[in-house]
Number of protein chains: 2
Amino acid sequence: MIDIKTAQELVLLHSSTITKIVEFKIENALDYVLALDVTSEIDMPPFRQSAMDGYAINKANHSTYSVVGEVKAGDNNNLLLKVGEAVRIFTGAPVPDTANAVVMQEKVTQDDSLINIDGEIQDNINIRPRGEQIKEGDIALVKGTVIKGSHIGFLASLGVTKISVYQKPSIAVIVTGNELVSPGKSLAFGEIYESNGVMLTAVLNELGYKNSSLIKVKDNYETTKKSLSEAIKNHDVVIVTGGVSVGDYDFVSKALKAIEVEEIFYKVKQKPGKPLFFGKKENVSIFGLPGNPAAALSCFYIYVYPLLKKSEGATTTNLQRIVIPMISNYTVQGNRAQFLKAKIEEDGVEILEGQSSAMIRAFGNANALVLIPENSTQIQKGENVKAILLPNK
Amino acid sequence: MIDIKTAQELVLLHSSTITKIVEFKIENALDYVLALDVTSEIDMPPFRQSAMDGYAINKANHSTYSVVGEVKAGDNNNLLLKVGEAVRIFTGAPVPDTANAVVMQEKVTQDDSLINIDGEIQDNINIRPRGEQIKEGDIALVKGTVIKGSHIGFLASLGVTKISVYQKPSIAVIVTGNELVSPGKSLAFGEIYESNGVMLTAVLNELGYKNSSLIKVKDNYETTKKSLSEAIKNHDVVIVTGGVSVGDYDFVSKALKAIEVEEIFYKVKQKPGKPLFFGKKENVSIFGLPGNPAAALSCFYIYVYPLLKKSEGATTTNLQRIVIPMISNYTVQGNRAQFLKAKIEEDGVEILEGQSSAMIRAFGNANALVLIPENSTQIQKGENVKAILLPNK
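Because the structure is predicted, anything quoted here is derived from the model rather than measured. (Residues numbered from 1 in each chain as written. Chains lettered and ligands numbered in written order. Predicted model: local features only at pLDDT ≥ 70, side-chain atom pairs only at ≥ 80, totals over all residues. Heavy atoms only, no water.)

1. Focus on the pairing of strand β28 (residues 384–389) of chain B
Residue and element names in this part refer to chain B. Across five bridges, the pairing between strand β22 (residues 321–325) and β28 is antiparallel. Bridging from a neighbouring strand, Ile322 pairs with Ala387 of β28. Taken together, the four bridges between strand β26 (residues 368–372) and β28 define a ladder with antiparallel strand orientation. Opposite Val370, over in β28, you have Ala387 as the bridge partner. (Pairing = 2+ DSSP bridges. Helix = DSSP H or I, 4+ residues; strand = E, 2+ residues; numbered from the N terminus.)

Shown next, in the form of structure tokens:
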């Protein structure tokens, strides 16, 4: 059985990269990964810009200036100032080429068309230099960036309207089990509601993978084989839940062998999620997640999420980790390394109640997973632990 | 001028709550706020469920059991076991009422229809009790919860298909300025590309507010008044950027007065975002954000985001705060309290380059805002600071 770090490395090592590039309007590119560097076609700001409401001056060695005009934001006049002259100017307006400082209006006394300025005026004060934020030809955003709202704002400020991004991987979620009934129907004895598929497609949706396919399969070797085979043919990533343990009716393992999926690893020294399977068939990545919902979702964040990000060319593939102190003592059960559903508060992190693999409930209150190394026994209040921040919390 | 804490309290105090409740399919309810408690209509699990592949037994005071049948997941038989009898059972299958333990198959030796079990068997081991996760009639999810993927999974497991959520606030984003040109056109001297509106609607979209209206207004008193007045008539929240400082051509303040928007506060002791306006007209909340994009986005996260969450009934309104050590020394400029764009790394937080209000670029690399109290001068490496986690990073 391999350890968590090895499993994570093997997943990234065997990920296949999407090569298809699509062009999107920036406002539709949220959560896509930039496929080509974006170069700025302008200086930003594109002109020397006033950072204040006040007076642009051509500095003289006296304190009285005559006001010869006005420039407001959006004006395109470039007034000529002689030494000792000033123009009224407003925030965002272009500073005339002949001005060498902007004086805040609060520091000026005005008398008709004359202003008086007290004290020393620093060269170019309150003037944002042309190209201060970025210069024409410089890289504004690098390939591999996952596009967020603030990037869209920055690109808009440079006049960019469209960007090239990688196509998202096509994902199939396969749920297996005779016991699974669609919500809305009533349950017979021995049946439960199908929730892993609903949960994984909802979490994928939340992360910007909007069009995953949800496929339900009964515990039958032939249908399992056929569904897996078709899913692999039509998708980049196939996520199966359930059916990968050793039970006589767990047909997934047998079907994966039969359709020649190469096993990269099976079983990881971790809790939850020991019976995790990862395999490849040509460029398609196949995950066999545990059937227990909390185990399936933990494995999704720790293994599937990085593969999805890597496959679409993102520079950062793992979720953000932080070192953070425990708010309470915690007694560790078992000796495998563990991912515990946890809530980060202002002063530290709290391990939540209900850590059973079968219980998805605690995930609703969790905003992090705390990683407990193997052979830990007792973690003391105040002790630092490593936490993985869950996305969209 | 008021301080940050007072401003935040005033915003929440004056927020108006959306009262319209809509019913959504759970898979469409992502990012909506639950308007009514959801009560479970079933016990979960709905029956005593095997947590293992192995043998369900009716315990005897000897180690040999005769295997009288088999139960797999989804079977609805409830076999009758006499003392000393066993059935083959699989993970997720219903444990017969007459069984009182499930023994892992790894701990059993089988000989034809007899099995031998070594050692003491704990009562009810490897059996998940009926209703272990939740009992029929118990509250599954409380009103005020912002619905995320894992909640959708949990609700699906209880057979819930639809939930009641609050309607989202209707939001208008108004951008003002003669200097603003739509991306795609070319810039004349003195013009810049409009980016605040694109940025704010993209960030709103990212947070699940999909249908905000973007309204562009020239610096003209009458059109500003008319646009503001119409926006207030048709929306729950109006966010204006620019035009709220003291300049002669900043018509927003005058227009807001003219249409009788009540000023709750104007100006906050903070950097960036000093000229922040918050007002109300009946149930409509109006924010005047600074025109500088980085200042506008900071104010959005610190003031607008909590109001939006409060207005739609969310229990948690603020973004998550954490106390975290600095990775490097940082010299504070100025004496106002500051929100600094920062990047949380595994071992602490780093203040990013490019903190100017005019520069949105640093927000692209930021996953947090660090709050520096007023009159700070030097923050040392290793010193704890308060950071606000940005959403969707």
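2. Concerning the interface of chain B and chain A
Residue-level contacts link 86 residues of chain B with 86 residues of chain A. Across the chain B to chain A interface the summed buried area is about 7100 Å²; carbon plus sulfur atoms make up 60%. It is Phe189, Glu346 and Arg361 of chain B in chain B that bury the most area against chain A; as a group they hold 11% of the surface buried on that side. In this structure, the connection of chain B to chain A is made through two salt bridges. Put simply, chain B and chain A have 21 residue pairs in polar contact (both at pLDDT 80 or more) between them. Only β11 (139–141), α2 (149–157), β15 (192–193), α3 (196–206), β22, β24 (337–345) and β28 of chain B provide two or more residues apiece to the side of chain B that touches chain A. Of the residues belonging to the side of chain B that touches chain A, the class tally is 37 nonpolar, 26 polar and 23 charged. (Contact = heavy atoms within 4.5 Å. Buried area = accessible area lost by both parts, 1.4 Å probe. Salt bridge = Lys/Arg side-chain N within 4 Å of Asp/Glu carboxyl O. Polar contact = N/O pair within 3.5 Å; in protein donor to acceptor, adjacent residues only side chain to side chain. Nonpolar A, V, L, I, M, F, W, Y, C, P; charged D, E, K, R; others polar.)

3. Considering the domain arrangement of chain A
All names here are of chain A. What the domain assignment lists for chain A is domain 1 (4–18 + 168–311), domain 2 (21–43 + 132–166), domain 3 (49–119) and domain 4 (321–389). Facing 16 residues of domain 1, the contacting portion of domain 4 comprises 17 residues. Here domain 1 packs against domain 4, burying approximately 1400 Å² in sum over the two surfaces, 66% of which is carbon and sulfur. Summed over the three residues of domain 1 that lose the most area to domain 4, namely Lys271, Ala294 and Ile302, the buried surface amounts to 37% of that side. Connecting domain 1 to domain 4 are zero salt bridges. Looking at the side of domain 1 that touches domain 4, the elements that each hand over two or more residues are α1 (4–13), β19 (270–271) and α6 (293–311). At seven residues, the largest contribution of residues to the side of domain 1 that touches domain 4 is made by α6. (Domains from an automatic or database assignment.)

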